[in-house]
Amino acid sequence: MNAPHSHFTPEAIDVVELAKTVGDRIPPLWPLENFVAVNPYQGLADLAPVEAGNVLASAVGARLSFDRKDYAEMLRDERLRHGDISQALAEMSDFLPNPITLDTVLKAVNETSIQIPEVPTVARLATELAGRDWCQVTQDQLSAWAAGYFDVGQAAWPSPWRDLPLFQAWKAETAEDRNLDILGLASLRRDLAHIPTDPKEAVEQALARLAVPENDREDYALSLLSVIGGWAGHYRYLGWSDALAGGPGSDMLPLLAVCLTWESMLLEHLAVQGLADQWRNRWFRHEMQGAVSETQTNLAIDLVLHRAFELSWRNEIVERLNTHTPPVADQTRADVQAAFCIDVRSEPLRRALESQNEKIETLGFAGFFGIAIDYLEAGREKAQIRGPVLITPPFSVEESHDRARLRQFRALYRKGYKAFAQGAVSCFGFVETVGPTYLGGLLTRSIARLRGQKPRPGGLRYNPSETGGIDLKTQIDTAEAIISSLGLRDRLAPIVMLAGHGSTSANNPYASGLDCGACGGHDGGVNARLATQILNDPDVRKGLAERGLQVPDDTYFLPALHDTCRDEVAFLDQEYAPSTHRQKLENLRGELVKAGLQVRLERSARHAGSDEADLIRRSQDWAEVRPEWGLAGCSAFIAAPRHRTRGLDLGGKTFLHGYVADQDPDRGLLNLIMTAPLIVASWINLQYFASSIDPVKYGSGNKTLHNVVGQIGVLEGAAGDLRSGLPWQSVHDGEALAHEPRRLTAIIEAPRDPMNKVIEGHDHLRDLLDNGWMHLLAMDESGKVSHRYAGNLQWVALEDTALTATA
């Protein structure tokens, strides 16, 4: 006799609300063209650690910690100490399902963790009963359809149903898919005609057929969408982008209808003995297992161990900051002020540049320099966002260049060339007639990798009088905001360099992931040029003077581009620099060359068998899977005056943002830092965290197996889901993790009450902090890290935390 089971009626649940709730759990996935870091746990930020871990384990099959044997090894090697575990227990006490002692954790660390049961699915059950991997079949079928439907120009033969609404397109294409006949699902294909066209009705009908218990519907829906989580993330991105541009956006209901309809029809049409009966029984057993608290306790122990792992490093950086004696600040005017992006890769170069000349001051600022633009490059039909992807750029700039027409011609040529090369018929003629010419390109690139050949100069040249049609008042407002945010209202140097950053690599689908995240996954050269054009404009300076901000006559704002793969800084538009500054610029160029060499020598230690020259070669090696480490290692964010960290080697693991509380009386800049750069840094950190801690669910797999699909993302191999996150080679060196997954520790030199006001006014920031997705520490006016944010707008002195850990 079958076990009793919850009965479902369509009226029992609002399927629109279900789709919204589940859709909000799925992070958007940006396409490769502007691949930017996204918090993979964004939709779970409102959940406490154990709750989030439970959802991930049961619905997604993902984890938030290492295997326990890894922590046991850390304890043996003394990379993890009993005091760290005690401190973690103290800090997480409010999150734990029941009291856990140090002895309990130390005993459990040598045991195997009890796994949380995954939400049942028809495909998973059919796999167990039939021996055929219906989970993989499901993923391959839905992913292949999605690749054709969402394609943005790669496919030579686009889907004939792509103009239909999503659910209708899937129904129409699946009804014609003869592959289902081979799978023994011909009846499923025919029965699609009886499925409602309206996705809301389809979801209601599917849930009625499946009879999923009420308390499990959200986890079940999330589990189904996670099977094609990459495509679900891309669909979420499309809706996000549309809403950001003022459109209606889109919800997850149509894609949920696809997944649920497929599941319900597998239940009805798969010829698997006992499938229906086992389906009902499986849900009964799942509900009984979910009531067992032992699994929750085990999950909590795993999370305590990982928090202890994070604290071992957090305590180290706090000690280094509190014992660091910075050099005495030079009160005279600096020769050069060099503003770099807060990206962790800038920290070693800033440190190396300052070591060349004590009269050089470096600054940290978001890489788009406060100017977010829609940038239309010649030969492109669509503008690119050169700014944070979470905002709509207020400015539009179009390329103005003597070679624009040539670029347009090349773009059209490439489009026709690609069509010839990839056409179903013409590709054979292509091999016969054009294919041999590829040999020259291959040889050229191979020779370049041997010689470490530099790429041809890229980028554009702008006339300084062109500012994208931005009116004068807006230019003055922008200039004042930039200078104030840099803390330079009364102390501008003769040369103020604004260095955007990008990276050089060849044959790399993830190249944009190495560029500036603050610039939408592009280099920041365009932003630096536009910012300096505004700052150098005489009319703008006159307007600033009328507001009481006097820019010295001899101050020149220099645009530059920092290549993070080569550790080189190139001056942009140097021909427009005043002749009086030419020697100063040459001196700076020489100091940047020496600084770059110093950084490459440091970085070469992270690449086994490499020297500093080899890092140059990597940038042009089209077979190189690790052109650079990107932001691997990112673990801290510091917003404080530069002299607090000047001379301190932070190992390229820290986002460094300048902030002087005394110069921010209304706390406007503090609010901006905590709600924009800090959030972006957390996103980056959590993307690296997820790709390292759970590369199967949240990474993008092996680079050597990648196939670009739809100009959107990659598959690992010829099938499967659209992969999200970072490639394995971006976080692992072949022997060990190159990125140790620790959630971000933010350290801000500011009074605690103003920080509380910012936290209280921004729900997403508060969720990240209150639920432990990011840790916040306060630095006092003497430069000592004194308090930690304990959640619920409460702060605890670090001395008290240390005493608790010792006890």
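Chemist: Got a minute to help me understand the side chain of S635 in this structure?
Modeler: Relative to the assigned elements, S635 resides in the loop between α25 (612-618) and β9 (636-640). A relative accessible area of 2% means that S635 is categorised as buried. At a separation of 2.8 Å, a polar atom in the side chain of S635 contacts the main-chain carbonyl oxygen of G633. Not counting residues up to four positions away in its chain, the partners in contact with S635 are W313, K653, N685, R743, L744 and T745.

Chemist: Sorry if this is basic, but what is going on with the packing of aromatic side chains here?
Modeler: Any aromatic ring pair is given by two values, namely how distant the centres are and how the planes are angled relative to each other. Going through the model one piece at a time under the given rule, you end up with 18 aromatic pairs. Judged by centre distance (5.8 Å) and plane angle (55 degrees), the ring pair of F66 and Y71 falls under tilted.

Chemist: For this particular structure, what's the right way to read helix α23 (residues 538-546)?
Modeler: Because the α-helix completes a turn every 3.6 residues, residues three or four places apart line up on one side. When we look at burial in α23, the residues that qualify are V540, R541, G543 and L544. Taken around the axis of α23, the buried residues stretch over an arc of 160 degrees, which confines them to a single face. What points out from α23, more than 90 degrees from its buried face, is the exposed set P538, K542 and E546. For α23, the secondary structure elements touched by its buried residues are α21 (472-485), α22 (525-536) and β7 (556-563). Capping of α23 at its N-terminal end is provided by D537; its side-chain oxygen lies 2.8 Å from the backbone amide nitrogen of D539. G548 sits one or two positions beyond α23 and adopts a positive phi of about 90 degrees.

Chemist: How should empty space enclosed by the protein be read in this particular structure?
Modeler: Take a probe with the size of a water molecule and roll it over the atoms, and the empty space left behind shows itself. Evaluated as defined, the whole model comprises 2 cavities of 30 Å³ or more. Here the largest cavity is characterised by a volume of approximately 50 Å³. If you trace the largest cavity, you find it lined by R350, G364, I638, A640, P641, R642, T645, L656, H657 and G658. Listing elements by their share of the lining of the largest cavity, those giving two or more residues are β9 and β10 (654-658). If one sorts the elements of the lining of the largest cavity by residue count, β10 sits on top with 3 residues. Split into classes, the residues belonging to the lining of the largest cavity amount to 4 nonpolar, 4 polar and 2 charged. In this structure, the second largest cavity spans a volume of roughly 40 Å³. P49, L64, L303, R743, N771 and W773 are the residues that line the second largest cavity. Residues that form the lining of the second largest cavity fall into these classes: 4 nonpolar, 1 polar and 1 charged.

Chemist: Explain the sheet that holds strand β3 (residues 373-376) to me, please; I cannot follow it from the model alone.
Modeler: Consider a sheet: its strands pair through backbone hydrogen bonds, and that pairing is either parallel or antiparallel. Pairing is mixed in the open sheet, where 3 strands are placed in the order β4-β3-β5. Edge positions in the sheet fall to β4 (384-386) and β5 (395-398), since each of these pairs with one other strand and no more. Between one strand axis and the next, the sheet turns by 30 degrees as a mean value, whatever way the strands run. Pairing geometry for β3 and β5, over 4 bridges, is parallel. In the sheet register, Y375 faces β5, and the bridge partner there is V397. Contacting β3, β4 and β5, α22 crosses the sheet at an angle of about 110 degrees to β3.

Chemist: Looking at this structure, how should I read the pattern of salt bridges?
Modeler: Here the idea is simple: oppositely charged side chains can pair when their charged atoms come close. Under the counting rule described, the total for this entry stands at 46 salt bridges. Across the pair E118 and R124 runs a salt bridge, and its minimum N-O distance is 3.7 Å. Residue E118 is classed as partly exposed on the basis of its relative accessible area of 38%. With a shortest N-O distance of 2.8 Å, R644 and E749 are connected by a salt bridge. Taken as a pair, R644 in the loop between β9 and β10 and E749 in strand β13 (residues 745-749) lie far apart in primary sequence, 105 residues in all. Taking relative accessible area as the criterion, R644 reaches 17% and is therefore assigned buried. One salt-bridge network, held together by shared partners, links E91, R307, E310, R314, R743 and R788.

Chemist: Where do I start with unusual backbone geometry in this structure?
Modeler: Negative phi is the rule for most residues except glycine; trans is the rule for most peptide bonds. Backbone geometry at D567 places phi at a positive 55 degrees, although glycine is not the residue there. Tracing the chain through its elements places D567 in the loop between β7 and β8 (568-571). By relative accessible area, D567 is classed as buried at 3%.

Chemist: Looking at this model, I keep getting lost on the environment of G525. Mind explaining?
Modeler: Along the chain, G525 turns up in helix α22. G525 sits in the buried class, given a relative accessible area of 4%. With 35 residues separating them in the primary sequence, G525 and A560 have C-alpha atoms 6.7 Å apart. Residues contacting G525, with those up to four places away along its chain left out, are L561 and L572.

Chemist: I keep staring at the packing of helix α26 (residues 668-675) against helix α27 (residues 677-693) and nothing clicks. Help me out?
Modeler: A pair of packed helices is characterised by two quantities: the angle between their axes and the separation of those axes. Close contact between α26 and α27 brings their axes to 3 Å; oriented N to C, the two are set at 15 degrees. As summarised for this structure, α26 and α27 are arranged roughly parallel, according to the angle between their axes. Of α27, the residues touching α26 (which contributes L672, I673, M674 and T675) are P677, L678 and I679. Of the residues assigned to the contact of α26 with α27, the class counts are 6 nonpolar, 1 polar and no charged.

Chemist: Where do I start with the sheet that holds strand β2 (residues 360-365) in this structure?
Modeler: Spatially, β2-β1-β6-β7-β8 is the arrangement adopted by the 5 strands of the open sheet, whose pairing is mixed. Each of the sheet's edge strands pairs with one partner strand only, and the pair in question is β2 and β8. Sheet twist, expressed as the average angle between the axes of neighbouring strands with direction ignored, equals 30 degrees. Alignment of β7 against β8, held across 4 bridges, turns out to be antiparallel. Across the sheet, D563 pairs through a bridge with E568, a residue of β8.

Chemist: For this particular structure, what's the right way to read the nonpolar core?
Modeler: A general feature of soluble globular proteins is that nonpolar side chains tend to end up buried together. Y41, F637, F655, M674 and L776 are the most contacted members of the largest nonpolar core, which totals 169 residues. Of all the elements, helix α14 (residues 253-269) adds the most residues to this core, at 11 residues. With sequence-adjacent residues up to four places away left out, M674 is seen in contact with I679, I748, M755, V758, I759, L765 and L776. By size, the runner-up hydrophobic cluster in this structure holds 30 residues, among which are F369, F395, I483 and L492.

Chemist: Whenever I open this one, the confidence of the model for the chain confuses me. Can you help?
Modeler: The predicted coordinates ought not to be read in detail in places where the model reports low pLDDT. Here the chain averages 87 in pLDDT, and 87% of its residues register 70 or above. Long-range and interchain partners of residues 1-11, a stretch whose pLDDT sits below 50, account for 21 contacts in this model, where long-range means more than four residues apart.

Chemist: Teacher, can you tell me more about helix α30 (residues 763-770) here?
Modeler: Listed as buried for α30 are L765, L768, L769 and D770. Packed against the buried residues of α30 are α26, α27, α29 (752-760), β14 (775-779) and β15 (785-791). After α30 finishes, the residue G772 shows a positive phi value of roughly 80 degrees.

Chemist: Sorry, what's going on with the environment of K359 here?
Modeler: Structurally, the position occupied by K359 is in the loop between α17 (346-356) and β2. Distance from K359 to A493, taken between C-alpha atoms, is 9.8 Å for residues 134 residues apart in sequence. What K359 contacts, discounting residues up to four positions off in sequence, is D330, T332, R333, A334, D335 and V336. One polar contact links the side chain of K359 to the main-chain carbonyl oxygen of R333, over a distance of 2.8 Å.

Conventions adopted
- Here the residue numbering is sequential within each chain, running from 1 through the sequence in written order.
- Whole-chain, interface and lining totals are the exception, using all residues; otherwise, since this is a predicted model, local features are given only for residues with pLDDT of at least 70 and side-chain atom pairs are given and counted only at 80 or more.
- The side-chain figures draw on all heavy atoms in the structure; neither hydrogens nor water molecules are used.
- Put simply, DSSP marks the helices as runs of H or I at least four residues long and the strands as runs of E at least two long, and each gets a number from the N terminus on.
- Any residue under 20% of the maximum accessible area for its type is buried, any over 50% is exposed, and the rest in between are partly exposed; the area is computed with a 1.4 Å probe on protein chains only.
- N or O atoms within 3.5 Å of each other form a polar contact, as long as, within protein, one can give a hydrogen and the other can take it, and as long as residues adjacent in sequence are counted only when both atoms are side-chain atoms.
- Should any heavy atoms of two residues lie within 4.5 Å, those residues are considered in contact.
- Pairs were defined over the aromatic rings of Phe, Tyr and Trp, the Trp ring being its six-membered one, requiring ring centres within 6.5 Å. Orientation was assigned from the angle between planes: stacked under 30 degrees, edge-to-face over 60, tilted for the rest.
- The arc in question is formed by the directions pointing from the helix axis toward the C-beta atoms.
- Cavities and pockets were defined on a 1 Å grid built over protein atoms only: a cavity is a set of grid points that admits a 1.4 Å probe from which the probe cannot escape, a pocket is an open set flanked by protein on both sides within 12 Å along at least five of seven lines, and lining residues are those with an atom within 4 Å of any such point.
- Grid points are joined across faces, edges and corners, and a volume is the space filled by probe spheres set on the points.
- As a working rule, the residues Ala, Val, Leu, Ile, Met, Phe, Trp, Tyr, Cys and Pro are called nonpolar, Asp, Glu, Lys and Arg charged, and the rest polar, with Gly in that last group.
- Each pair of strands is called paired provided DSSP finds at least two bridges between the two strands.
- Where helices are involved, their axes are fitted lines through C-alpha atoms of the stretch in contact, as for all axes, and angles between N-to-C directions lie from 0 to 180°.
- Should a side-chain nitrogen of Lys or Arg be within 4 Å of a carboxyl oxygen of Asp or Glu, the pair is scored as a salt bridge.
- For classification purposes, an angle smaller than 35 degrees is called roughly parallel, one larger than 145 roughly antiparallel, one from 65 to 115 roughly perpendicular, and anything else oblique.
- Among the buried residues, those of types Ala, Val, Leu, Ile, Met, Phe, Trp, Tyr and Cys that are joined through side-chain atoms within 4.5 Å form a nonpolar core.
- Confidence of the predictor at the level of single residues is captured by pLDDT, which takes values from 0 to 100.

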